[in-house]
Amino acid sequence: MSIKIESKITAYEVAKPEDEAAKKESNVASIAPLLERDEVLVGSTYKIKTPHSEHAMYITINDVIVNQGEANEHRRPFEIFINTKNMEHFMWIVTLTRIISAIFRKGGDITFLVEELKAVFDPRGGYYKKGGKYMPSIVAEIGEVIQKHLVSIGMMEGQLQTEELIAKRIEAEEKLGKDGVANASQCDKCSAMAVVRLDNCNCCLECGDSKCG
Ligand SMILES: [Zn+2]
């Protein structure tokens, strides 16, 4: 920062480090404070079992209640833990959960985490979950669990429910049958196995992405 000095310099003083620190502190105050942990947190534990490992993973997400008792009371995730007997994944799981928990505690919008994680693919290949949904990696499935949790506490919308998409889902089932919909291909945008061919367009029944021609 530079200041134009208009009058004659008659004296000067070297700024003390304390003054500089005080200035920095006043800037920090404008950032939202970190969330504080209550003694007891409410949470949910989700189980995922992938064909890539013998043991299941248990994902626990604990929430804090913000503005308790006020009109704008809401829950937000505060920490995530992943437990598994599978030691092969131990190091990256510890890393991932610490970083995700740190982002949760920062406050602000955290929904971007879901898209980031869901976009991770495993170079060894993904897998199909029960019910036929394709998962490009274990990390993507962890992203899906976080999404499920955020939807359940009202921080995120679930499967898009626009009128247009609902109509498309009904149309797809009528024209292609249940088998046709179950054999849908993978969407470039959201990775769901939900792309079907309707009226000369490839349409994703999950996110609505559409390519015609
Ligand atoms: Zn899609």
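It should be noted that the structure appears before, not after, this text.
The structure displayed is predicted, hence computed values, not measured ones.

Q: Hey, could you run me through the sheet that holds strand S9 (residues 210-212) in this one?
A: The sheet built from 4 strands is open, its strands ordered S6-S7-S8-S9 with antiparallel pairing. With partners counted over all chains shown, the strands left at the sheet margins are strand S6 (185-186) and S9, one partner each. By the bridge criterion, 4 bridges tie strand S7 (residues 193-198) to strand S8 (residues 201-204) in an arrangement that is antiparallel. Across the sheet, Arg197 pairs through a bridge with Asn202, a residue of S8. Here helix H5 (residues 163-182) sits on the sheet in contact with S7 and S8, set at roughly 105 degrees to S7.

Q: Could you clarify how one ought to interpret the sheet that holds strand S1 (residues 42-48) in this entry?
A: The strands that make up a sheet are held in pairs by hydrogen bonds between backbone atoms, and each pair lies either parallel or antiparallel. Reading across the sheet, the 3 strands line up as S1-S2-S3 and stay open at both edges, with antiparallel pairing between neighbours. Each edge of the open sheet carries a strand with a single partner, namely S1 and strand S3 (74-84). Going from strand to strand, the sheet's axes swing by 20 degrees on average, the running direction of each strand aside. Sheet strands touched by helix H4 (residues 138-152): S1, strand S2 (57-66) and S3. Its angle to S1, the strand with the most contacts, is close to 145 degrees.

Q: Explanation requested: the environment of His149 in the structure shown.
A: Looking at where His149 falls in the secondary structure, it is placed in helix H4. Classification of His149 as buried rests on a count of 22 C-beta atoms within 10 Å. Residues His149 and Asp63, 86 residues apart in the sequence, show an inter-C-alpha distance of 10.0 Å. Once residues lying within four places of it in the same chain are set aside, the contact partners of His149 are Ser44, Ile61 and Pro77.

Q: Help me out: how do you make sense of the pairing of S2 in this one?
A: Where S1 and S2 come together, 7 bridges link them in antiparallel fashion. Considered in S2, the bridge of Gly43 is made with Asn62. The sheet contact formed by S2 and S3 spans 10 bridges and is antiparallel. Considered in S3, the bridge of Asn62 is made with Glu79.

Analysis parameters
- Residues numbered from 1 in each chain as written.
- Predicted model: local features only at pLDDT ≥ 70, side-chain atom pairs only at ≥ 80, totals over all residues.
- Pairing = 2+ DSSP bridges.
- Helix = DSSP H or I, 4+ residues; strand = E, 2+ residues; numbered from the N terminus.
- Contact = placed C-beta atoms within 7 Å.
- Axes fitted to C-alpha atoms, helices over the stretch in contact; angles between N-to-C directions.
- Buried ≥ 20, exposed ≤ 12 C-beta atoms within 10 Å, placed from the backbone.

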